[in-house]
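Residues per chain, in single letters:
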Amino acid sequence: MDHRFDVTERFAEGAQFIAGSLRGGTSGRTQPVVDPATGEQVYSYELAGPADVDAAVEAAQGAFAEWGGATPGERSDALHRFAAALAEDAADLAFAESLNCGKPIKLSTEFDVPGSIDNAAFFAGAARHLEGKAAGEYSADHTSVIRREPIGVVGSIAPWNYPLQMAAWKVLPAVAAGNTIVLKPAEITPLTSLLFAQAAQRAGLPDGVINIVSGAGRDAGERLVGHPDVRMTSFTGSTAVGKRVAEIATGTVKRLHLELGGKAPFVVFDDADLEAAVHGAVAGALINTGQDCTAATRAYVQRPLYDAFVSGVADLMATVRLGDPFDPSTDLGPLISHAQRDRVAGFVDRARGYATVVTGGEIPGGELAKGAYYRPTLIAGAAQDSEIVQSEIFGPVLVVLPFDSDDEGIALANDTPYGLAASAWSRDVYRAGRATREINAGCVWVNDHIPIISEMPHGGAKASGFGKDMSAYSFEEYTQVKHVMYDNTAVVRKDWHRTVFGDRA
Ligand code: NAD
């Protein structure tokens, strides 16, 4: 599904989508958009400045009364049309995502794009299922009713690793619940967020419901988080930036949803299917070139399987084909940028001083040298408290450590600040079941690692943040619960007034 188009022509008016139209930014600063597979610039645009953020928030606020007041059925219809519009644009979306991020086209085509369309279809249905507790007489003299209401304007900030899916995860639950939104994609990956907003407009969502400000974190991002008319901040990105965002959001008492970093453990017990675990570890570590917050990053393998696991993973990693993202046979694309490639290489180079690089650990030469490529890398012999085990690397790097008892394996899995995702590998339902209970993470897979589905929540524990994306649980973030209490008695002087008026009541 190769569907190339000229990005400069497509976004000639600029990379801000505000009140239903594309326009340029006003920051006075130009941002290049680079194809990481070649290092070539494919587009450049003027970044959003504070005035653009203000204009987008104003547009979202202007659209809120109509959109928030629409019936669930009306919003559902619009989102069904939106899902269909995204499906029509599937080839364009896959092309733009692969061009901007260097993702293998098979990944964009089979994962990013259909996942986002499915999300839209899910939230089209879910919009009609906003629930509250039953109304009732919790005091005999009153009837209580729960209203689940939209919050208002949501300001969302997304990372660069899955730009289209992040746009979908941020925007869809928010608008399904009746909010309007201003989304700031990462400044290096604005393309598919813009296509996403354009598809929504074609589907008939009113102007101003979805706005995109393509700007830098420090100015556009902080302005959006601190804006007094934005009622909620939903942030996906690193834990370090998440902390800063939380500080700013606190200043204006905003609701906050934080999806932060991860360092997912992959725990292999000695009765596991070795071949399944080896394949699962390589796929789980290399998906999206390891730039996945749930990627398998720390494999803990029980001693009897350890040697075979290490050699199996090293052999399988060596078969992975790096190459042109648009070649359908390419398994692994470049990292998002040369800067990210160098950051990953830095982690591995420092680890050489205290651990063994079993395979990989190099920047490929030849044809691939101009892109931000890095070979799949397996590291063994690192201590649990070392940087390579504890820090989020966000690249195609897996570290493997042995363990003896089940207690030890689970304790090591829990021993980082993060708690986003994990997997347990065993044929014994009791052993795997214990791991699912005792590993502190937002998701624990058993005998697999990575799959996600629209119906189930995604979100972290510990330093990986709080709140849920996807699923009906996301409505807990994007709605506020209001209690309405009706007096049933029509009595003028109520019994409880005695607490104020005493015997004069
Ligand atoms: P990042 O934290 O550097 O940037 C994320 C976004 O925040 C970008 O849009 C950026 O422009 C913006 N930003 C930067 N500084 C800001 C500031 N001071 N105020 C407001 N906004 C600011 O993250 P990244 O490098 O783009 O993405 C990788 C990170 O995202 C990894 O840590 C990864 O684990 C995390 N991530 C988490 C999830 C999840 O669901 N938990 C999903 C995807 C990515």
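Residues numbered from 1 in each chain as written. Predicted model: local features only at pLDDT ≥ 70, side-chain atom pairs only at ≥ 80, totals over all residues. Heavy atoms only, no water.

As recorded in an unreviewed UniProt entry, the chain goes by Gamma-aminobutyraldehyde dehydrogenase and comes from Streptomyces chattanoogensis. Under the heading Sequence similarities (unreviewed entry), UniProt records this for the chain: "Belongs to the aldehyde dehydrogenase family." (UniProt positions renumbered as here; feature names shortened; annotations may be inferred.)

Between the first and last C-alpha of helix α4 (residues 90-101) there are 16 Å, a value that for twelve residues agrees with the 16 Å anticipated at 1.5 Å per step. In terms of burial, α4 is largely enclosed, as twelve of its twelve residues are buried. Phi for Gly-102, located one or two positions after α4, is positive at around 75 degrees. (Helix = DSSP H or I, 4+ residues; strand = E, 2+ residues; numbered from the N terminus. Expected span 1.5 Å × (residues − 1). Buried < 20%, exposed > 50% of the residue type's maximum accessible area, 1.4 Å probe, protein only.)

This part takes up the layout of surface pockets. Take a probe with the size of a water molecule and roll it over the atoms, and the empty space left behind shows itself. Volume-wise, the largest pocket comes out at about 930 Å³. What lines the largest pocket is a set of 38 residues, and nearest its centre among them are Trp-160, Phe-235, Gly-237, Ser-238 and Val-241. Of all elements in the fold, only α8 (217-226), β10 (232-236), α9 (239-251) and α12 (338-351) reach the threshold of two or more residues within the lining of the largest pocket. The element that contributes the greatest number of residues to the lining of the largest pocket is α9, accounting for six residues. Counted by class, the lining of the largest pocket contains 20 nonpolar, eleven polar and seven charged residues. (1 Å grid on protein atoms, 1.4 Å probe; cavity = no way out; pocket = protein on both sides within 12 Å on 5 of 7 lines; lining within 4 Å. Points joined across faces, edges and corners; volume = space filled by probe spheres on them. Nonpolar A, V, L, I, M, F, W, Y, C, P; charged D, E, K, R; others polar.)

With that out of the way, let us pick up the site of the ligand. The environment of the ligand is made up of 28 residues, and the closest members are Ala-158, Glu-222, Ser-238, Leu-260 and Glu-392. One of the side-chain N or O atoms of Trp-160 is found 2.9 Å from an oxygen atom in the ligand. Contact distances for the ligand include 3.5 Å between an oxygen atom and a backbone N or O atom of Gly-237. Relative to its free-state accessible area of 850 Å², the ligand is covered by the protein chains to the extent of 90%. Of all the secondary structure elements, the ones that give two or more residues to the shell around the ligand are α8, β10 and α9. When its residues are assigned to classes, the shell around the ligand shows 13 nonpolar, nine polar and six charged. (Near = heavy atom within 4 Å. Polar contact = N/O pair within 3.5 Å; in protein donor to acceptor, adjacent residues only side chain to side chain. Areas by Shrake-Rupley, 256 points an atom, 1.4 Å probe, with all protein chains shown as cover.)

Bringing the packing of α4 against helix α7 (residues 191-202) into the picture now. Running from N to C, α4 and α7 cross one another at 160 degrees; their axes reach a closest spacing of 8 Å. Between α4 and α7, the crossing angle belongs to the class labelled roughly antiparallel. Like other packed secondary-structure pairs, α4 and α7 cross with a definite hand, here left-handed. Listed contacts from α7 to Asp-92, Leu-93, Ala-96, Glu-97 and Asn-100 of α4 are Leu-191, Thr-192, Leu-195 and Phe-196. Taken together, the residues that form the contact of α4 with α7 break down as five nonpolar, two polar and two charged. (Axes fitted to C-alpha atoms, helices over the stretch in contact; angles between N-to-C directions. Parallel < 35°, antiparallel > 145°, perpendicular 65-115°, else oblique. Left-handed = near helix turned anticlockwise from the far one by under 90°. Contact = heavy atoms within 4.5 Å.)

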